[in-house]
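Residue strings, one per chain:
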Amino acid sequence: MGKIAPEERKKFLLLLLLIVVAIGVFGYRLCSGSMTDRTLETAALRFLEAGDAGDFDLCRQLTGLDGQRFAVFRANRSSLGALKSRTLVSRSPLRFNQRTGWLFFFDGNFENGVVREEIAVLTEPGKEPDVYSVRYEYARLPRPVSRSHYSGSGSAAIRAQVERCAEAYDRREWKYFEAIARRETGNERRGAGQGLEKFRKRFGDPVARSLMQETRYQETLPGCLHLGILRVTNRTSYKVKNVTWVAEEFVWLVLNRMDDQPRWEVYAFEPGKPQRLTPPPPKKKKRPAEKNT
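Residues numbered from 1 in each chain as written. Predicted model: local features only at pLDDT ≥ 70, side-chain atom pairs only at ≥ 80, totals over all residues. Heavy atoms only, no water.

(A) Here's a closer look at the overall build of the protein. What the protein contains, in helices and strands, is 6 helices and 9 strands. Across the 293 residues in the protein, those meeting the buried criterion constitute 36%. Within the protein, contacts between residues at least 6 apart in sequence are counted, and of these 55% link residues at least 24 apart. Summing over all exposed atoms, the protein offers an accessible surface of approximately 19,200 Å²; the carbon and sulfur share of this is 52%. (Helix = DSSP H or I, 4+ residues; strand = E, 2+ residues; numbered from the N terminus. Buried < 20%, exposed > 50% of the residue type's maximum accessible area, 1.4 Å probe, protein only. Contact = heavy atoms within 4.5 Å. Areas by Shrake-Rupley, 256 points an atom, 1.4 Å probe, with all protein chains shown as cover.)

Written as C-alpha coordinates, this is what we have:
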(Lines give C-alpha, C1' and ligand atoms only; values in the text may rest on other atoms or scores of the structure.)
Protein backbone atom coordinates (compact mmCIF):
# COMPACT_ATOMS: atom_id res chain seq x y z
CA MET A 1 0.00 0.00 0.00
CA GLY A 2 1.46 3.36 -1.09
CA LYS A 3 2.10 6.23 1.24
CA ILE A 4 -0.41 9.12 1.38
CA ALA A 5 0.99 12.37 0.08
CA PRO A 6 1.42 15.10 2.74
CA GLU A 7 -1.07 17.40 0.99
CA GLU A 8 -3.69 14.65 0.75
CA ARG A 9 -3.08 13.74 4.39
CA LYS A 10 -3.63 17.37 5.48
CA LYS A 11 -6.90 17.51 3.52
CA PHE A 12 -8.06 14.25 5.05
CA LEU A 13 -7.23 15.37 8.62
CA LEU A 14 -8.93 18.74 8.05
CA LEU A 15 -12.06 17.05 6.73
CA LEU A 16 -12.05 14.64 9.68
CA LEU A 17 -11.69 17.54 12.11
CA LEU A 18 -14.61 19.40 10.52
CA ILE A 19 -16.76 16.31 10.76
CA VAL A 20 -15.91 15.83 14.44
CA VAL A 21 -16.64 19.51 15.23
CA ALA A 22 -19.94 19.39 13.32
CA ILE A 23 -21.02 16.26 15.17
CA GLY A 24 -20.02 17.82 18.50
CA VAL A 25 -21.94 21.05 17.84
CA PHE A 26 -25.00 19.17 16.62
CA GLY A 27 -24.89 16.82 19.60
CA TYR A 28 -24.52 19.70 22.05
CA ARG A 29 -27.43 21.59 20.56
CA LEU A 30 -29.57 18.48 20.44
CA CYS A 31 -28.83 17.50 24.01
CA SER A 32 -29.12 20.99 25.47
CA GLY A 33 -32.28 21.70 23.52
CA SER A 34 -33.94 18.40 24.38
CA MET A 35 -33.00 18.83 28.04
CA THR A 36 -34.69 22.25 28.06
CA ASP A 37 -37.73 20.84 26.28
CA ARG A 38 -37.95 17.95 28.71
CA THR A 39 -37.59 20.28 31.70
CA LEU A 40 -40.47 22.46 30.52
CA GLU A 41 -42.60 19.46 29.55
CA THR A 42 -41.97 18.01 33.01
CA ALA A 43 -43.08 21.32 34.56
CA ALA A 44 -46.26 21.29 32.44
CA LEU A 45 -47.06 17.71 33.42
CA ARG A 46 -46.35 18.40 37.09
CA PHE A 47 -48.91 21.21 37.03
CA LEU A 48 -51.53 19.16 35.19
CA GLU A 49 -51.01 16.11 37.38
CA ALA A 50 -51.37 18.23 40.51
CA GLY A 51 -54.75 19.31 39.12
CA ASP A 52 -55.62 15.64 38.45
CA ALA A 53 -54.93 14.90 42.13
CA GLY A 54 -56.97 17.91 43.28
CA ASP A 55 -53.82 19.52 44.73
CA PHE A 56 -54.60 23.07 43.65
CA ASP A 57 -52.28 24.49 46.33
CA LEU A 58 -49.35 22.97 44.43
CA CYS A 59 -50.79 24.28 41.15
CA ARG A 60 -50.92 27.74 42.71
CA GLN A 61 -47.20 27.51 43.57
CA LEU A 62 -46.25 26.56 40.01
CA THR A 63 -47.99 29.41 38.20
CA GLY A 64 -48.20 33.17 38.12
CA LEU A 65 -51.82 33.16 36.90
CA ASP A 66 -53.90 35.91 38.44
CA GLY A 67 -56.65 35.02 40.86
CA GLN A 68 -59.53 35.12 38.39
CA ARG A 69 -57.80 33.04 35.69
CA PHE A 70 -56.65 30.51 38.29
CA ALA A 71 -60.21 30.24 39.62
CA VAL A 72 -61.44 29.56 36.05
CA PHE A 73 -58.81 26.83 35.61
CA ARG A 74 -59.71 25.25 38.94
CA ALA A 75 -63.44 25.20 38.19
CA ASN A 76 -62.93 23.80 34.69
CA ARG A 77 -60.53 21.08 35.88
CA SER A 78 -62.88 20.06 38.68
CA SER A 79 -65.75 19.71 36.20
CA LEU A 80 -63.84 17.19 34.05
CA GLY A 81 -63.63 14.43 36.65
CA ALA A 82 -60.96 11.75 36.80
CA LEU A 83 -58.25 11.51 34.14
CA LYS A 84 -58.28 8.42 31.93
CA SER A 85 -55.35 9.24 29.62
CA ARG A 86 -53.24 12.17 28.43
CA THR A 87 -51.18 12.37 25.23
CA LEU A 88 -48.83 15.11 24.04
CA VAL A 89 -49.89 15.89 20.45
CA SER A 90 -47.80 18.97 19.58
CA ARG A 91 -45.87 21.96 20.92
CA SER A 92 -44.93 25.42 19.69
CA PRO A 93 -42.02 27.68 20.77
CA LEU A 94 -42.87 30.82 22.74
CA ARG A 95 -41.10 34.08 23.48
CA PHE A 96 -42.42 36.70 25.89
CA ASN A 97 -40.08 39.64 26.54
CA GLN A 98 -36.88 38.04 27.89
CA ARG A 99 -38.53 34.70 28.60
CA THR A 100 -38.75 31.74 26.27
CA GLY A 101 -40.60 28.48 26.46
CA TRP A 102 -43.12 26.16 24.86
CA LEU A 103 -46.86 25.95 24.37
CA PHE A 104 -47.83 22.29 24.85
CA PHE A 105 -50.98 20.69 23.45
CA PHE A 106 -52.24 17.55 25.19
CA ASP A 107 -55.27 15.46 24.35
CA GLY A 108 -56.92 14.71 27.68
CA ASN A 109 -59.48 11.94 28.03
CA PHE A 110 -61.46 12.58 31.21
CA GLU A 111 -64.38 10.98 32.97
CA ASN A 112 -66.74 13.75 31.79
CA GLY A 113 -65.31 14.59 28.36
CA VAL A 114 -62.42 14.69 25.93
CA VAL A 115 -60.68 18.08 25.66
CA ARG A 116 -57.51 19.67 24.36
CA GLU A 117 -55.28 20.94 27.19
CA GLU A 118 -53.19 23.97 26.20
CA ILE A 119 -50.48 24.90 28.69
CA ALA A 120 -47.71 27.47 28.19
CA VAL A 121 -44.50 27.19 30.24
CA LEU A 122 -41.86 29.95 30.22
CA THR A 123 -38.38 30.09 31.69
CA GLU A 124 -35.54 32.54 32.17
CA PRO A 125 -32.01 32.18 33.58
CA GLY A 126 -31.83 31.65 37.32
CA LYS A 127 -35.56 31.03 37.82
CA GLU A 128 -37.84 28.03 37.96
CA PRO A 129 -40.17 27.34 35.01
CA ASP A 130 -43.46 29.23 35.25
CA VAL A 131 -46.84 28.02 33.98
CA TYR A 132 -47.82 31.16 32.10
CA SER A 133 -51.27 30.05 30.94
CA VAL A 134 -53.50 26.98 30.89
CA ARG A 135 -56.88 26.44 29.31
CA TYR A 136 -59.14 23.77 27.86
CA GLU A 137 -60.70 23.66 24.42
CA TYR A 138 -62.76 21.18 22.47
CA ALA A 139 -61.04 19.97 19.32
CA ARG A 140 -64.59 19.72 17.98
CA LEU A 141 -67.60 21.19 19.72
CA PRO A 142 -69.91 18.43 20.94
CA ARG A 143 -73.53 18.05 19.90
CA PRO A 144 -75.23 17.07 23.13
CA VAL A 145 -78.95 16.38 23.55
CA SER A 146 -79.92 17.92 26.86
CA ARG A 147 -83.07 17.21 28.86
CA SER A 148 -83.42 20.88 29.74
CA HIS A 149 -85.67 23.00 27.56
CA TYR A 150 -84.46 26.53 26.85
CA SER A 151 -86.67 29.38 27.98
CA GLY A 152 -84.03 32.10 28.17
CA SER A 153 -83.80 35.51 26.59
CA GLY A 154 -82.88 36.31 23.01
CA SER A 155 -85.36 33.98 21.33
CA ALA A 156 -85.87 36.44 18.45
CA ALA A 157 -82.13 36.57 17.75
CA ILE A 158 -81.94 32.77 17.97
CA ARG A 159 -84.85 32.42 15.53
CA ALA A 160 -83.10 34.78 13.10
CA GLN A 161 -79.97 32.61 13.25
CA VAL A 162 -81.99 29.43 12.67
CA GLU A 163 -83.86 31.02 9.74
CA ARG A 164 -80.54 32.11 8.18
CA CYS A 165 -79.15 28.58 8.50
CA ALA A 166 -82.28 27.06 6.91
CA GLU A 167 -82.13 29.64 4.12
CA ALA A 168 -78.50 28.74 3.38
CA TYR A 169 -79.48 25.08 3.19
CA ASP A 170 -82.43 25.75 0.88
CA ARG A 171 -80.27 27.93 -1.39
CA ARG A 172 -77.37 25.48 -1.35
CA GLU A 173 -74.98 28.08 0.07
CA TRP A 174 -72.28 25.57 0.94
CA LYS A 175 -69.79 28.35 1.85
CA TYR A 176 -72.05 29.21 4.78
CA PHE A 177 -71.59 25.70 6.16
CA GLU A 178 -67.83 25.94 5.76
CA ALA A 179 -67.97 29.10 7.90
CA ILE A 180 -69.99 27.52 10.70
CA ALA A 181 -67.80 24.41 10.57
CA ARG A 182 -64.83 26.65 11.39
CA ARG A 183 -66.71 27.65 14.53
CA GLU A 184 -67.30 23.99 15.39
CA THR A 185 -63.73 22.77 14.94
CA GLY A 186 -61.64 25.95 15.08
CA ASN A 187 -60.21 25.11 11.66
CA GLU A 188 -61.17 25.76 8.08
CA ARG A 189 -63.22 22.90 6.67
CA ARG A 190 -63.55 23.10 2.92
CA GLY A 191 -66.24 20.91 1.45
CA ALA A 192 -68.26 20.97 4.69
CA GLY A 193 -71.44 21.03 2.59
CA GLN A 194 -70.68 17.93 0.53
CA GLY A 195 -72.70 15.61 2.76
CA LEU A 196 -75.65 18.01 2.62
CA GLU A 197 -75.36 18.19 -1.16
CA LYS A 198 -75.60 14.38 -1.41
CA PHE A 199 -78.65 14.45 0.86
CA ARG A 200 -80.32 17.06 -1.35
CA LYS A 201 -79.66 15.03 -4.49
CA ARG A 202 -81.60 12.17 -2.94
CA PHE A 203 -84.50 14.04 -1.31
CA GLY A 204 -84.58 17.35 -3.20
CA ASP A 205 -85.82 20.62 -1.74
CA PRO A 206 -87.90 20.70 1.45
CA VAL A 207 -91.53 21.28 0.57
CA ALA A 208 -92.39 22.51 4.08
CA ARG A 209 -90.59 23.50 7.30
CA SER A 210 -91.79 24.33 10.81
CA LEU A 211 -89.13 26.28 12.69
CA MET A 212 -88.13 25.88 16.31
CA GLN A 213 -90.51 23.11 17.30
CA GLU A 214 -88.22 22.33 20.22
CA THR A 215 -85.18 23.94 21.88
CA ARG A 216 -82.96 22.04 24.28
CA TYR A 217 -80.24 23.66 26.33
CA GLN A 218 -77.04 22.68 28.10
CA GLU A 219 -75.88 25.54 30.31
CA THR A 220 -72.25 24.47 30.67
CA LEU A 221 -69.77 22.01 29.18
CA PRO A 222 -67.17 20.13 31.28
CA GLY A 223 -63.80 21.87 31.03
CA CYS A 224 -65.37 24.88 29.29
CA LEU A 225 -67.90 26.14 31.79
CA HIS A 226 -68.21 29.43 29.90
CA LEU A 227 -69.82 27.67 26.91
CA GLY A 228 -73.52 26.94 26.55
CA ILE A 229 -75.05 24.73 23.86
CA LEU A 230 -78.50 25.00 22.31
CA ARG A 231 -80.09 22.45 19.97
CA VAL A 232 -83.04 23.67 17.92
CA THR A 233 -85.32 21.16 16.22
CA ASN A 234 -87.19 22.07 13.01
CA ARG A 235 -89.58 19.73 11.24
CA THR A 236 -89.35 19.39 7.48
CA SER A 237 -90.98 17.36 4.75
CA TYR A 238 -89.77 16.19 1.34
CA LYS A 239 -91.52 14.65 -1.62
CA VAL A 240 -89.83 12.11 -3.87
CA LYS A 241 -91.82 10.43 -6.65
CA ASN A 242 -95.16 11.09 -4.91
CA VAL A 243 -93.79 9.71 -1.64
CA THR A 244 -93.74 12.08 1.35
CA TRP A 245 -90.86 11.97 3.82
CA VAL A 246 -90.69 13.85 7.15
CA ALA A 247 -87.59 14.63 9.19
CA GLU A 248 -86.42 16.38 12.32
CA GLU A 249 -83.87 18.99 11.25
CA PHE A 250 -81.29 20.05 13.87
CA VAL A 251 -79.41 23.32 14.32
CA TRP A 252 -76.78 23.66 17.08
CA LEU A 253 -75.79 27.04 18.53
CA VAL A 254 -73.04 27.95 20.99
CA LEU A 255 -72.83 30.82 23.48
CA ASN A 256 -69.41 31.97 24.71
CA ARG A 257 -69.96 33.96 27.91
CA MET A 258 -66.34 35.17 27.88
CA ASP A 259 -66.93 37.23 24.73
CA ASP A 260 -67.31 40.99 25.16
CA GLN A 261 -70.83 40.74 23.74
CA PRO A 262 -71.96 37.10 24.15
CA ARG A 263 -74.52 35.88 21.62
CA TRP A 264 -75.77 32.59 20.26
CA GLU A 265 -74.04 31.51 17.05
CA VAL A 266 -74.76 28.54 14.76
CA TYR A 267 -71.94 25.99 14.58
CA ALA A 268 -73.58 22.83 13.20
CA PHE A 269 -76.51 21.73 11.04
CA GLU A 270 -77.99 18.31 10.35
CA PRO A 271 -80.99 17.61 8.07
CA GLY A 272 -82.02 14.64 10.18
CA LYS A 273 -83.08 11.16 9.11
CA PRO A 274 -86.24 11.24 6.96
CA GLN A 275 -89.04 8.81 7.76
CA ARG A 276 -91.44 7.69 5.06
CA LEU A 277 -94.91 9.13 5.68
CA THR A 278 -96.74 7.87 2.61
CA PRO A 279 -97.25 4.10 2.80
CA PRO A 280 -95.85 2.20 -0.14
CA PRO A 281 -98.41 1.07 -2.71
CA PRO A 282 -99.62 -2.50 -2.24
CA LYS A 283 -97.82 -5.05 -4.30
CA LYS A 284 -99.82 -6.46 -7.16
CA LYS A 285 -100.55 -10.13 -6.78
CA LYS A 286 -99.41 -12.28 -9.63
CA ARG A 287 -102.25 -13.94 -11.42
CA PRO A 288 -101.90 -17.70 -11.55
CA ALA A 289 -101.07 -19.01 -14.98
CA GLU A 290 -104.07 -20.49 -16.78
CA LYS A 291 -103.92 -24.21 -17.46
CA ASN A 292 -104.39 -25.38 -21.00
CA THR A 293 -107.48 -27.59 -21.35
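(B) The arrangement of the layout of surface pockets in detail. Taken as a whole, the largest pocket holds about 860 Å³ of empty space. R135, Y136, E137, H226 and N256 are the residues nearest the centre of the largest pocket, which is lined by 32 residues in total. Going through the elements one at a time, α3 (67–80), β3 (113–123), β4 (130–137), α5 (174–185) and β7 (243–256) are the ones with two or more residues in the lining of the largest pocket. A per-class count over the lining of the largest pocket returns 14 nonpolar, 8 polar and 10 charged. Around the second largest pocket, the lining is made up of 14 residues, and of these R143, R189, A192, L196 and F269 lie nearest the centre. Top contributing element to the lining of the second largest pocket by residue count: α5, with 4 residues. (1 Å grid on protein atoms, 1.4 Å probe; cavity = no way out; pocket = protein on both sides within 12 Å on 5 of 7 lines; lining within 4 Å. Points joined across faces, edges and corners; volume = space filled by probe spheres on them. Nonpolar A, V, L, I, M, F, W, Y, C, P; charged D, E, K, R; others polar.)

(C) Quick look at unusual backbone geometry. One non-glycine residue with positive phi stands out, namely M212, at about 50°. Tracing the chain through its elements places M212 in strand β5 (residues 208–218). The phi angle at K241 is positive, at roughly 50°, despite the residue not being glycine. By the element assignment, K241 lies in the loop between β6 (227–240) and β7. You can call K241 exposed: its relative accessible area is 79%.

(D) Focus on the nonpolar core. In terms of nonpolar packing, the biggest core is built from 35 residues, with F47, F73, F104, I119 and V121 touching the most fellow members. Core analysis: the next-biggest nonpolar cluster, separate from the first, contains 26 residues, Y150, A168, L196 and L253 among them. (Core = buried A, V, L, I, M, F, W, Y, C linked by side-chain atoms within 4.5 Å.)

(E) Seen up close, helix α4 (residues 155–170). A rise of 1.5 Å per residue sets the reference length of α4, with its 16 residues, at 22 Å; its end C-alpha atoms lie 22 Å apart and thus fit the reference within 8%. Residues I158, Q161, V162, C165, A166, A168 and Y169 constitute the buried set of α4. For α4, the buried positions fall inside an angular range of 160° around the axis, keeping them on one side. Looking at α4, the residues exposed on the side facing more than 90 degrees away from the buried face are A156 and A157. Where the residues of α4 are buried, they touch α5, α6 (194–203), β5, β6, β7 and β8 (265–270). Following α4 by one or two positions, R172 has its phi on the positive side, about 60°. (Expected span 1.5 Å × (residues − 1). Arc of directions from axis to C-beta.)

(F) Inspection of the side chain of E265 at higher detail. Structurally, E265 can be placed in strand β8. By relative accessible area, which is 19% here, E265 ends up buried. Sequence-distant contacts of E265, defined by excluding residues within four places in its chain, comprise Q161, R183, W252, L253 and V254.

(G) Spotlight on the packing of aromatic side chains. As enumerated under the stated definition, the model contains 18 aromatic pairs in all. Seen from their ring centres, W174 and F177 are 6.1 Å apart, and the 45° between their planes marks the pair as tilted. With W174 and F177 both in helix α5 and 3 residues apart, the pair spans about one turn of that helix. Taken as a pair, W174 and F177 share a single burial class, namely buried. Ring geometry for F203 versus W245: centroids 5.5 Å apart, planes at 75°, classification edge-to-face. In this pair, F203 sits in helix α6 while W245 sits in strand β7, placing the two residues 42 residues apart along the sequence. On the accessibility criterion, F203 (7% relative accessible area) is buried. Every member of this aromatic cluster is reached through a ring pair, and the members are F47, F56, F70, F73 and Y136. Above the plane of the ring of W102 lies R91, whose end atom (NZ or CZ) is 5.2 Å from the centre. (Phe/Tyr/Trp six-rings, centres within 6.5 Å; stacked < 30°, edge-to-face > 60°. Lys NZ or Arg CZ within 6 Å of the ring centre and 35° of its normal.)

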